Amino acid sequence: MLSLKTRFFLASFLTGALVLGFAVFLLARQREMRDLLTGALSRDIQAMNAAAEIKHDFVLYDDLIFRYLSTGDGELLAESAKVRERARLEMGRLETLSDSQTVRELLRDLRRESDDYSREIRRLIAAAPVPKIPGEKESILSVIRWAQQVPEHQRTVSLLSSKGRSFLVRVYSLCEKLVDLHRVKMEQLQKDLRAGLEEDRGVLLRGSTVVFAGTLFVSLFAALSVLLPLRDLQAGIAKVLSGDLNVEVTPRGADELGRVTQAFNSMTRSLKENQERLVRETITDELTGLNNFRYFQTVLGTEVDRARRYGKQLSILVVDIDHFKKYNDAHGHPMGNIVLKGVAAALKETLRTVDVLARYGGEEFVALLPETSKENAVRAAERLRDAVDACEFPGAETQPEGRVTVSIGGANFPDD
């Protein structure tokens, strides 16, 4: 059985373990949600932005090419090459950010369509007439004529680039699919986050309930392991205080309270034995072991009342050792004490168990015989005298009769 100190330590440890375990669980859930937010959600946002940036780059690239074909400005062609390279890098970054097989397939289609579109652009640049921009030294009339030719040239380019437009439409479509795909994924992720938060609230509520119930159970167990034994001890103490020493508290364990309970039981047994011993010493003659005359008087009053109430008879015999002073003078008080003890034993063995025998004082004894008539009392007296005559005592030959004898008188209730 665990000691109280160990029990309370374990109760504290289990309570702390429950709280710590729940805290670790909550931290793990928070870390998981944080990783989801900083990882998957951030990655999806970057991927969606990359897909949108790819579409924007292709829109810008097409516009730069169209303006170059319309104006013949070489800076526009150089800028379009940079935009095309940036789109290629964005596609590589999108592939890195995405772990979806669908995204990878769309990216392969996008690269293929963009390559077809680039080839068509190169073919268009090679085939379409590119107007020469007037120099700074040319006349204003040349500039005006060039400006008048631009709309016509743009219509010619538009007609020539119809195939390229179809490639570009497919490129736009693929970019929009990538954007939509990541948008849907991000929205689903947000739904999962909300569901996770709802689930966490439920887990928090259930976990708090479990932790509270576990803590309450551990606390109640520790408290009851102390309170129940204390209650038993308190009930036992109350009985002892009321005068009942016949109380025995059953120990509930071998801990400190169990040992206190055992000590309490030992104390009550000791008190009971001491009380019985004190009672015996109070009502018993120290020399002969018979009842003393004080006890005899108490019993006599009770038995007379009972005999009167129920109409019963009651007899008393008084026994006196003959010439006892002569024996004491001849042999001394120690030898006289031996005679007293021997006569007391003979009288006790001869009487009934319901009879009350006591030492009256000196060499005299008194016997109370309940429900005994005068005739039966005389017979009992003869048996007592014979029992003493049959005893052998050292030095009895010096007595007048040559042996130790007794004289017996009696009385009867209600006759006397």
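Further up the page is the structure itself.
This text gives an overview of the structure that appears in the document. This is a predicted model, so every value here is computed, not measured.

Each neighbour pair has its own omega, and for Phe 413 with Pro 414 the value is 10°, a cis peptide bond. In this structure, Pro 414 sits in the segment after β4 (406–413). Positive phi is not limited to glycine here, since His 323 has a value of about 55°. Considering the arrangement of structural elements, one finds His 323 in the loop between β1 (314–321) and α8 (324–331). What makes His 323 partly exposed here is its relative accessible area of 44%. Its identity as a non-glycine residue notwithstanding, Glu 371 has a phi of 50°, on the positive side.

It is worth spelling out the sheet that holds strand β2 (residues 356–361) at this point. The antiparallel open sheet is built from four strands, whose spatial order is β2-β3-β1-β4. In this open sheet, the two strands that pair with only one neighbour each are β2 and β4. Pairs of neighbouring strands in the sheet enclose a mean axial angle of 20°, with direction left out of account. As judged from the five bridges shared by β2 and strand β3 (residues 364–370), these two strands associate in the antiparallel manner.

In this structure, the largest pocket spans a volume of roughly 210 Å³. Lining the largest pocket, in full, are Gly 289, Leu 290, Asn 291, Lys 348, Leu 351, Arg 352, Thr 353, Asp 355, Val 356 and Leu 357. Looking at the lining of the largest pocket residue by residue, the classes come out as four nonpolar, three polar and three charged.

Summed over the entire model, instances satisfying the criterion amount to two cavities of 30 Å³ or more. Within this model, the second largest cavity holds a volume of roughly 40 Å³. Residue classes in the lining of the second largest cavity are distributed as three nonpolar, one polar and four charged.

There is a patch of nonpolar side chains on the surface, built from Phe 212, Leu 216, Leu 220 and Leu 224 and spanning about 400 Å² of accessible area. Positionally, Leu 220 belongs in helix α5 (residues 162–241). Residue Leu 220 is classed as partly exposed on the basis of its relative accessible area, which comes to 46%.

Within an α-helix, residues lying three or four positions from one another point in the same direction, as the helix has 3.6 residues per turn. Every buried residue belonging to α8 is among Phe 324, Tyr 327 and Asn 328, and all of these are buried. The buried side chains of α8 occupy one side of the element, clustering within an arc of 100° when seen end-on. Exposed and facing more than 90 degrees away from the buried side of α8 are Lys 325 and Asp 329. Where the residues of α8 are buried, they touch β1 and α9 (333–350). A positive backbone phi angle near 95° is found at Gly 332, which sits one or two residues after α8.

Along the chain, the position of Glu 113 falls in helix α3 (residues 101–127). Under the relative-accessibility criterion, Glu 113 is labelled buried at 12%. With residues near it in sequence (within four places) discarded, Glu 113 still touches Phe 167, Arg 170, Val 171 and Leu 174.

For the rest of this paragraph, the subject is the pattern of salt bridges. This structure, assessed with the given rule, holds 23 salt bridges. One salt bridge in this structure joins Asp 305 and Arg 308, with 3.4 Å as the shortest N-O distance. Taken together, the residues span about one helical turn, with Asp 305 and Arg 308 both in helix α7 (residues 293–310) at a distance of three residues. The exposed category is assigned to Arg 308, whose relative accessible area is 53%. Across the pair Arg 352 and Asp 355 runs a salt bridge, and its minimum N-O distance is 2.7 Å. In this structure Arg 352 comes out as partly exposed when scored by relative accessible area, which is 39%. One connected set of salt bridges, linked through shared partners, spans Glu 382, Arg 385, Asp 386, Asp 389 and Arg 403.

Glancing now at the packing of α9 against helix α10 (residues 374–389). At a minimum axis separation of 9 Å, α9 and α10 run at an interaxial angle of 140°. Classified by the angle their axes make, α9 and α10 are oblique. Viewed along their axes, α9 and α10 form a crossing whose handedness is right-handed. Contacts between α9 and α10 involve Val 343, Ala 346, Leu 347 and Thr 350 from the former and Arg 383, Leu 384, Ala 387 and Val 388 from the latter. Classifying every residue of the contact of α9 with α10 gives six nonpolar, one polar and one charged.

Applying the stated criterion across every chain yields a total of two aromatic pairs. Look at Phe 293 and Phe 296: their rings are 5.9 Å apart centre to centre, the planes differ by 20°, and that puts the pair in the stacked class. Placement of the pair is Phe 293 and Phe 296 together in helix α7, with a separation of three residues, close to one helical turn. Among the aromatic residues, those joined into a cluster by ring pairs are Phe 293, Phe 296 and Tyr 360.

So, about the packing of α8 against α9. Put simply, α8 and α9 touch, their axes get as near as 7 Å, and they point 135° apart. In terms of their interaxial angle, α8 and α9 are classed as oblique. Here α8 contributes Phe 324, Tyr 327, Asn 328 and His 331 to the contact with α9, which in turn contributes His 333, Met 335, Gly 336, Val 339 and Leu 340. Per-class residue counts for the contact of α8 with α9 are five nonpolar, four polar and no charged.

Core analysis: the biggest nonpolar cluster contains 33 residues, and Ile 54, Phe 58, Leu 94, Leu 107, Leu 110, Tyr 117 and Leu 178 have the highest contact counts within it. When residues of this core are traced back to their parent elements, those giving at least two are α1 (4–71), α2 (74–97), α3 and α5. Here the element with the most residues in this core is α1; it accounts for 11 residues.

Analysis parameters
Residues numbered from 1 in each chain as written. Predicted model: local features only at pLDDT ≥ 70, side-chain atom pairs only at ≥ 80, totals over all residues. Heavy atoms only, no water. Helix = DSSP H or I, 4+ residues; strand = E, 2+ residues; numbered from the N terminus. Buried < 20%, exposed > 50% of the residue type's maximum accessible area, 1.4 Å probe, protein only. Pairing = 2+ DSSP bridges. Axes fitted to C-alpha atoms, helices over the stretch in contact; angles between N-to-C directions. 1 Å grid on protein atoms, 1.4 Å probe; cavity = no way out; pocket = protein on both sides within 12 Å on 5 of 7 lines; lining within 4 Å. Points joined across faces, edges and corners; volume = space filled by probe spheres on them. Nonpolar A, V, L, I, M, F, W, Y, C, P; charged D, E, K, R; others polar. Patch = residues over 30% accessible without salt bridge, like charges linked within 9 Å, V, L, I, M, F, W, Y side chains within 5 Å. Areas by Shrake-Rupley, 256 points an atom, 1.4 Å probe, with all protein chains shown as cover. Salt bridge = Lys/Arg side-chain N within 4 Å of Asp/Glu carboxyl O. Arc of directions from axis to C-beta. Contact = heavy atoms within 4.5 Å. Parallel < 35°, antiparallel > 145°, perpendicular 65-115°, else oblique. Left-handed = near helix turned anticlockwise from the far one by under 90°. Phe/Tyr/Trp six-rings, centres within 6.5 Å; stacked < 30°, edge-to-face > 60°. Core = buried A, V, L, I, M, F, W, Y, C linked by side-chain atoms within 4.5 Å.

From the geometry alone we can't say anything about function, so treat these as descriptive.
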